[in-house]
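So the chains spell out like this:
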Amino acid sequence: MKDYVIIGAGLSGLTTAYYLKQAGFSVQLIEAKAQVGGRIQTVNTEDGWQVDVGANTALLSSEAIDRLIDELDLRDQVLVANDASKNRFVVRGGKLWALPTSLGAFLTTPIVSPMAKLGLLLEPFRAKATQEESIADFVARRLGKEWRDWVLDPFISGIFAGNPAKISAQAAFHRVWILEKDYGSLFKGMIARMKSKKAARQAGDYVASGNMISFKSGMSTLTHALAAKLADDIRIDAPVVQLSRINDDCWQVQTSDGNSYQGKKIIVTLDAPDAAKLLRPLSSDAANLLASIESPPLAVVALGFDASQISHPLNGFGCLIPRSVGIATLGAIFSSQIFSGRAPDGKVLLSCFIGGSRNPSIAHWSDQEMIDQVVKDITPLLGITGQPVFSKVQLWKHAIAQYHLGHFDKVEQIRHALSKDTPNIMTRANWHEGISIPDVIANAERFARQQRIIRNL
Ligand SMILES: Cc1cc2nc3c(=O)[nH]c(=O)nc-3n(C[C@H](O)[C@H](O)[C@H](O)COP(=O)(O)OP(=O)(O)OC[C@H]3O[C@@H](n4cnc5c(N)ncnc54)[C@H](O)[C@@H]3O)c2cc1C
């Protein structure tokens, strides 16, 4: 019997298993698909396209991700996004406008009006929120409505594929939200954070670089390296179909091929809808709460062109499209311009997104319908001539958990329902405490540390 049987070998399952193993526990990781990685998947084609059909980049925003890269010996595989990718474009009036990155650009940007810019001067004097609020209300209150509609809205589409009026500022943007809580102002908080970073740097302490990275062979490098460390502790191609209690200290996990695995503790790392299905026979309370976490569909539509087909210089990370402009495509990442090795010589790779909580109907579109829609949308924006020379579509049916108002309470209620109905079954997943890759890694590391402390008590 293993100490832990972990279900699902996406980044949550892989990192949880890796850190628990490092802490001296025995683990068994079980994955439904024929490959590990979940939402991190790199596809290489014979003719030289390299496409990340799930997560595209990771932000070096925490010590945990940097430490993991070193432990896995991946530092020389890291590709840092080139300098130009600091530019991010937003669509307004049928054109791409770079979000301002300097004071000069800020004063001249046409993305928001002069009144909206002047309004920022009042930000340090605005009162704190008295209750949990949506990120749309938070930004409108602190910065103004234009910043909400033309800057926040497309960012929410880009990160969460979600609706800013429903997403909780506290749960989904904790690092921003806490600035108001601790300093009373985003600007004051940012200045304080810069000062403490400077002091940490001077003291020789770790300071996150904030670099946006990928790997020479794409994002799957990370999940493959974790899988290599776990080696025989992983079983792939084995969907878990049932969990049953043998006694208070032993659970049994059954896979669709009839095999079973026993563990003292079970960790379910599936997305919320899948976790709800698996856990329903054991705890209908937990299952109902899990099923209520909205996880809308999103498709990555990767398109390749001859460089000569695109007149825009693609001198940035990509472009975001506010929902108010009435274009179905959410945005496009200029993948081959950010990282080398993504497209054959003379070609360009764009990774576009369509769907999300405000357009869930794409789950029923064919690949060709999605390609046609995206090409139609981005052609005038990027000055494209003709049709793509390459395309690859990946639909994620439950792409990204939406951290709606009350999300953290809900996660706590799920934990409570499980500990009542199914002691020793736990959940770890991207719907817990952060969807981003650095969050998932940091949370798994912290969880394993807690388990070690509990064991040693
Ligand atoms: C399109 C897209 C783009 C993204 N881009 C970024 C980005 O650029 N940067 C970033 O930081 N984050 C990004 N994210 C978020 C990030 O990829 C995810 O939060 C993270 O990879 C999720 O990992 P996970 O292990 O929690 O879930 P998953 O990756 O979904 O893993 C769950 C695993 O469980 C398996 N499974 C399901 N049912 C069973 C069963 N019954 N038995 C056994 N196994 C089962 C699944 O096959 C899957 O492998 C993106 C997400 C999406 C969808």
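Residues numbered from 1 in each chain as written. Predicted model: local features only at pLDDT ≥ 70, side-chain atom pairs only at ≥ 80, totals over all residues. Heavy atoms only, no water.

Colleague: Help me understand the pairing of strand β16 (residues 329-333) in this model?
Modeller: Along any regular strand, the residues point their side chains to alternate faces of the sheet. The element β16 is largely enclosed, with a buried count of five among its five residues. Two elements, strand β15 (residues 318-320) and β16, share three bridges in a ladder whose sense is antiparallel. Of the residues in β16, the one forming a bridge with L320 is G331. (Buried < 20%, exposed > 50% of the residue type's maximum accessible area, 1.4 Å probe, protein only. Helix = DSSP H or I, 4+ residues; strand = E, 2+ residues; numbered from the N terminus. Pairing = 2+ DSSP bridges.)

Colleague: Looking at this model, I keep getting lost on unusual backbone geometry. Mind explaining?
Modeller: The bulk of non-glycine residues show a negative phi, and the bulk of peptide bonds are trans. Of note in this structure, D73 is not a glycine but carries a positive phi near 60 degrees. With respect to the helices and strands, the residue D73 is situated in the loop between α2 (63-71) and β6 (78-80). Note on D73: relative accessible area 63%, which makes it exposed. Of note, the phi angle at D237 is positive, near 60 degrees, even though the residue is not glycine. Mapped onto the elements, D237 comes out in the loop between β10 (234-235) and β11 (240-247).

Colleague: Please explain the sheet that holds strand β7 (residues 88-92) as it appears in this structure.
Modeller: In a beta sheet, neighbouring strands are held together by backbone hydrogen bonds and run either parallel or antiparallel to one another. Strands sit in the order β8-β7-β15-β16-β17-β14-β18 across an open sheet of seven strands; the sheet is mixed. The two strands at the open ends of the sheet, each matched to only one other strand, are β8 (95-98) and β18 (390-396). On average, each strand axis in the sheet is tilted by 25 degrees relative to the strand beside it, whichever way the strands run. In terms of strand pairing, strand β14 (residues 298-306) meets strand β17 (residues 347-355) through nine bridges, oriented antiparallel. Residue V300 lies in a different strand from β17, and its bridge partner there is F353. Across the face of the sheet, helix α6 (residues 145-160) comes into contact with β7, β15 and β16 while running at roughly 120 degrees to β7. Each of β7, β8, β14, β16, β17 and β18 is contacted by helix α14 (residues 367-382), which is oriented at about 60 degrees to β14, the strand it contacts most. (Axes fitted to C-alpha atoms, helices over the stretch in contact; angles between N-to-C directions. Contact = heavy atoms within 4.5 Å.)

Colleague: Teacher, can you tell me more about the nonpolar core here?
Modeller: If you look at soluble globular proteins, the nonpolar side chains tend to sit buried side by side. Within the largest apolar cluster, 77 residues are counted, with the highest numbers of intra-cluster contacts made by I7, I135, W147, L243, I266, V268 and W431. By residue number, the principal contributor to this core is α6, which donates six residues. Every residue in contact with I266, bar those within four places of it in the chain, is listed here: V5, I7, L243, W251, V253, N424, I425 and M426. Membership of the second largest hydrophobic core comes to 42 residues, among which are A9, L20, A58 and L60. (Core = buried A, V, L, I, M, F, W, Y, C linked by side-chain atoms within 4.5 Å.)

Colleague: It is not clear to me how the layout of surface pockets should be interpreted in this structure. Could you clarify?
Modeller: Picture a little ball the size of a water molecule; that probe, rolled over the atoms, points out where space is still empty. Here the second largest pocket is characterised by a volume of approximately 480 Å³. Forming the walls of the second largest pocket are 20 residues, and the residues nearest its centre are R415, M426, T427, R428 and H432. Those elements that provide at least two residues to the lining of the second largest pocket are α15 (407-421), β19 (425-427) and α16 (437-456). Of the residues forming the lining of the second largest pocket, the biggest block, seven residues, is contributed by α15. Of the residues in the lining of the second largest pocket, the class split is nine nonpolar, six polar and five charged. (1 Å grid on protein atoms, 1.4 Å probe; cavity = no way out; pocket = protein on both sides within 12 Å on 5 of 7 lines; lining within 4 Å. Points joined across faces, edges and corners; volume = space filled by probe spheres on them. Nonpolar A, V, L, I, M, F, W, Y, C, P; charged D, E, K, R; others polar.)

Colleague: Where do I start with the site of the ligand in this structure?
Modeller: Every one of the 32 residues lining the ligand counts as a neighbour, but S12, E31, R39, T57 and I435 are closest to it. L11 has a polar backbone atom sitting 3.0 Å from an oxygen atom of the ligand. The separation between an oxygen atom of the ligand and a polar main-chain atom of I435 is 2.6 Å. If the ligand stood free it would expose 1,000 Å²; the protein chains cover 90% of that surface. (Near = heavy atom within 4 Å. Polar contact = N/O pair within 3.5 Å; in protein donor to acceptor, adjacent residues only side chain to side chain. Areas by Shrake-Rupley, 256 points an atom, 1.4 Å probe, with all protein chains shown as cover.)

Colleague: I tried to follow the domain arrangement of the chain on my own but got confused; where do I start?
Modeller: In many analyses, interface size is given as the accessible surface area lost on bringing the parts together. Each assigned domain of the chain is listed with its residue range as follows: domain 1 (2-40 + 218-294 + 404-456), domain 2 (82-111 + 296-399) and domain 3 (116-202). In this structure, domain 2 and domain 3 have C-alpha centres spaced 25 Å apart. Across the contact, 22 residues belong to domain 2 and 16 residues belong to domain 3. At the boundary of domain 2 with domain 3, total buried surface from both sides reaches about 1,500 Å², with 65% on carbon and sulfur atoms. Sorting the residues of domain 2 by area buried against domain 3 places F106, L320 and R358 first, and these three jointly supply 34% of that buried surface. The interface formed by domain 2 and domain 3 includes one salt bridge. (Domains from an automatic or database assignment. Buried area = accessible area lost by both parts, 1.4 Å probe. Salt bridge = Lys/Arg side-chain N within 4 Å of Asp/Glu carboxyl O.)

Colleague: How do you make sense of helix α1 (residues 11-22) when you look at a structure like this?
Modeller: Residues spaced three or four apart along an α-helix face the same direction, because each turn holds 3.6 residues. When the terminal C-alpha atoms of α1 are compared, their 16 Å separation across 12 residues agrees well with the 16 Å that a helix rising 1.5 Å per residue should span. Counting buried positions along α1 gives 10 out of 12 residues, so the element sits mostly inside the fold. Among all positions of α1, only L11, S12, G13, L14, T15, T16, A17, Y18, Y19 and L20 are buried. One or two residues past the end of α1 sits G24, with phi positive at roughly 95 degrees. (Expected span 1.5 Å × (residues − 1).)

Colleague: Help me understand the side chain of D153 in this model?
Modeller: Residue placement: D153 occurs in helix α6. With a relative accessible area of 10%, D153 lands in the buried category. A distance of 3.1 Å separates the side chain of D153 from the side chain of R358, its partner in a polar contact. Apart from residues lying up to four places away in sequence, D153 is in contact with R148, P164, P322, R323 and R358.

Colleague: So what exactly am I meant to see when it comes to the pairing of β14 here?
Modeller: In terms of residue burial, β14 counts as a mostly covered element, since eight of its nine residues are buried. Pairing of β14 with β18, which is carried by seven bridges, proceeds in the antiparallel orientation. Paired with A299 across the strands is L395, a residue of β18.

Colleague: Where do I start with the pattern of salt bridges in this structure?
Modeller: Pairing between side chains becomes possible if they bear opposite charge and their charged atoms approach one another. Counting across every chain of the model gives 23 salt bridges. For E133, the salt bridge goes to R141, with nearest N and O atoms at 2.4 Å. On the basis of relative accessibility, which here comes to 24%, the residue R141 falls in the partly exposed class. The salt bridge involving R148 is made with D149; its shortest N-O contact spans 2.8 Å. Taking the relative accessible area as the measure of exposure, R148 reaches 21% and is therefore partly exposed. Given the relative accessible area of 32%, D149 is considered partly exposed. One continuous salt-bridge network, built from bridges that share partners, spans E123, E133, R141, R142 and E180.

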